[in-house]
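Residue strings, one per chain:
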Amino acid sequence: MIIPIESSRWDTTASKAEFVTYKGVKAVRMNRNGGQINIKGIVFTNGTIEFDTQPIEAEKSNFNPIGVYFRQQNSKESEYVYLRTKRDDSKRTNDDIQYAPVVNGVLLFNMMSPYDGPAPVHNNEWNHIKLVVSGMQMRVYVNDMDEPVLEIPRLESNSKSGTIGFDGLAYFANLTIKPNDVGNLSPLEGIDPTKYDINYIREWEVSTSKVMSRGKELTIGDLPKDSTQWSKITAERRGVINLSRKFGVNDTGRYVWLKTTINSTKDQVMQMQLGFCDEVYVFANNILIDADKNQFGLPLAKFPNGCLNIDNSMVNIPLKTGKNTLLIGVVNNFYSWGIIARLRNLSGITVQN
């Protein structure tokens, strides 16, 4: 199904776009800060989406994202893939392209660094893009239609069908949609590499969220009270406790407490790998043992570039014989928020879920 590049077939109410002829073909020319443009009358679930795109003025900026939305229900729920164009298009980096769903109103880009990849994006010529979407999985191709640049084992949005849209400073042309054409791509969720690793702490209790004033940090005075209400939260793929899915985003210092109980057969120091975004305050038996920040694009950013990753940090947790309460205060200041927690060694240790 070829989608005509004509104003009557597109919803431009939230954007600034022009319908032009560019390099001999009908195209949409997006303007700077123009927002998003959507196809009218399309509900996409599974199939193939193909289109051409060329960046505009990519040489003037080291970050000029060009994106495609699909299965978009509204501004709060959508799947999304985007290119990060750069001044020098001859250089390939691991963040040329990224899959980053919109979940509960939050673009989860800083939670999805495993789904970055290099891609051969050209600044001054058409780039041919193909997305193959089948149930829970997706493959993305850029210019080479034989070798995908991204393979997504599980699409993370809460939306299973919806519209298709585009954004970014670029031209878009030659759009084709093939419903239900998924080749040999399985609709079933792919393997989670952490699935059989029992060292991850996957079950927590979580408090309701609160907002603290700008510049404040969590202290012992902010610890949960006897009256604090708790609910259960379970890790998603890769051991991620996804607070964005549960609470959305505020970007003004919204925080929650995560709580678990660790039983130890002896007094010892336990090492815990801790991935997080954006801030964490770790208390063992109501004593602050670690506080850290992981902020994208700032000097405090952890590997990789301020995004959530099990290698963000290592925390030494002193345990006493018997029951120990582990509390982690998690603060959101920028896009998505959550943690990954993994114990390095389970000798003499059990986690009480």
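Residues numbered from 1 in each chain as written. Predicted model: local features only at pLDDT ≥ 70, side-chain atom pairs only at ≥ 80, totals over all residues. Heavy atoms only, no water.

S.K.: Explain the sheet that holds strand 22 (residues 268-277) to me, please; I cannot follow it from the model alone.
M.R.: Ordered in space as 20-27-22-25, the four strands form an open sheet in which the pairing is antiparallel. Two strands close off the open sheet at either side, each with one partner strand: strand 20 (240-242) and strand 25 (313-319). Adjacent strand axes in the sheet meet at a mean angle of 30°, parallel and antiparallel pairs treated alike. Pairing geometry for strand 20 and strand 27 (residues 338-343), over three bridges, is antiparallel. For Val240, the partnering residue across the bridge sits in strand 27 and is Ile340. (Pairing = 2+ DSSP bridges. Helix = DSSP H or I, 4+ residues; strand = E, 2+ residues; numbered from the N terminus. Axes fitted to C-alpha atoms, helices over the stretch in contact; angles between N-to-C directions.)

S.K.: Just checking my understanding: could you explain the layout of surface pockets for this structure?
M.R.: In this approach the atoms are scanned with a rolling probe the size of a water molecule, which exposes any empty space left behind. Taken as a whole, the largest pocket encloses approximately 830 Å³ of empty space. Looking at the largest pocket, it is lined by 38 residues, and the ones nearest its centre are Phe63, Pro65, Tyr80, Tyr82 and Leu107. Where the lining of the largest pocket is concerned, the elements lending two or more residues are strand 6 (64-74), strand 7 (77-85) and strand 15 (163-168). In terms of residue count, strand 6 provides more of the lining of the largest pocket than any other element does, five residues in total. (1 Å grid on protein atoms, 1.4 Å probe; cavity = no way out; pocket = protein on both sides within 12 Å on 5 of 7 lines; lining within 4 Å. Points joined across faces, edges and corners; volume = space filled by probe spheres on them.)

S.K.: Mind showing me how you'd approach unusual backbone geometry here?
M.R.: Outside of glycine, negative phi angles account for most residues, and trans bonds account for most peptide bonds. Along the chain, Cys277 connects to Asp278 via a cis peptide bond; the corresponding omega equals 10°. On the secondary structure map, Asp278 appears in the loop between strand 22 and strand 23 (279-284). Omega for the peptide link from Phe303 to Pro304 comes to 0°, which places this bond in the cis form. Backbone geometry places Asn143, a non-glycine residue, at a positive phi of 70°. Residue position: Asn143 is located in the loop between strand 13 (137-142) and strand 14 (150-152). In this structure, Asn180 is a non-glycine residue whose phi angle is positive, near 65°.

S.K.: Quick question: what am I supposed to make of the pairing of strand 21 (residues 254-264) here?
M.R.: Where a strand is regular, its side chains alternate between the two sheet faces. Within strand 21, nine of the eleven residues are buried, which leaves it mostly tucked inside the rest of the structure. Across two bridges, strand 17 (residues 203-207) lies against strand 21 in antiparallel orientation. Its bridge partner lying in strand 21, Glu205 is registered against Lys259. Here strand 18 (residues 210-211) runs beside strand 21; their pairing, made up of two bridges, is antiparallel. Counted as the bridge partner of Lys210 is Tyr255 from strand 21. Pairing geometry for strand 21 and strand 28 (residues 349-352), over four bridges, is antiparallel. Bridge assignment links Ile262 to a residue of strand 28, and that residue is Val351. (Buried < 20%, exposed > 50% of the residue type's maximum accessible area, 1.4 Å probe, protein only.)

S.K.: Help me understand the environment of Ile287, please; the structure alone is not making it clear to me.
M.R.: Residue placement: Ile287 occurs in strand 24 (residues 287-293). Overall, Ile287 belongs to the exposed group, its relative accessible area being 53%. Along the chain, Ile287 and Leu327 lie 40 residues apart, while their C-alpha atoms are 9.5 Å from each other.

By themselves, these are just geometric observations and shouldn't be taken as functional.
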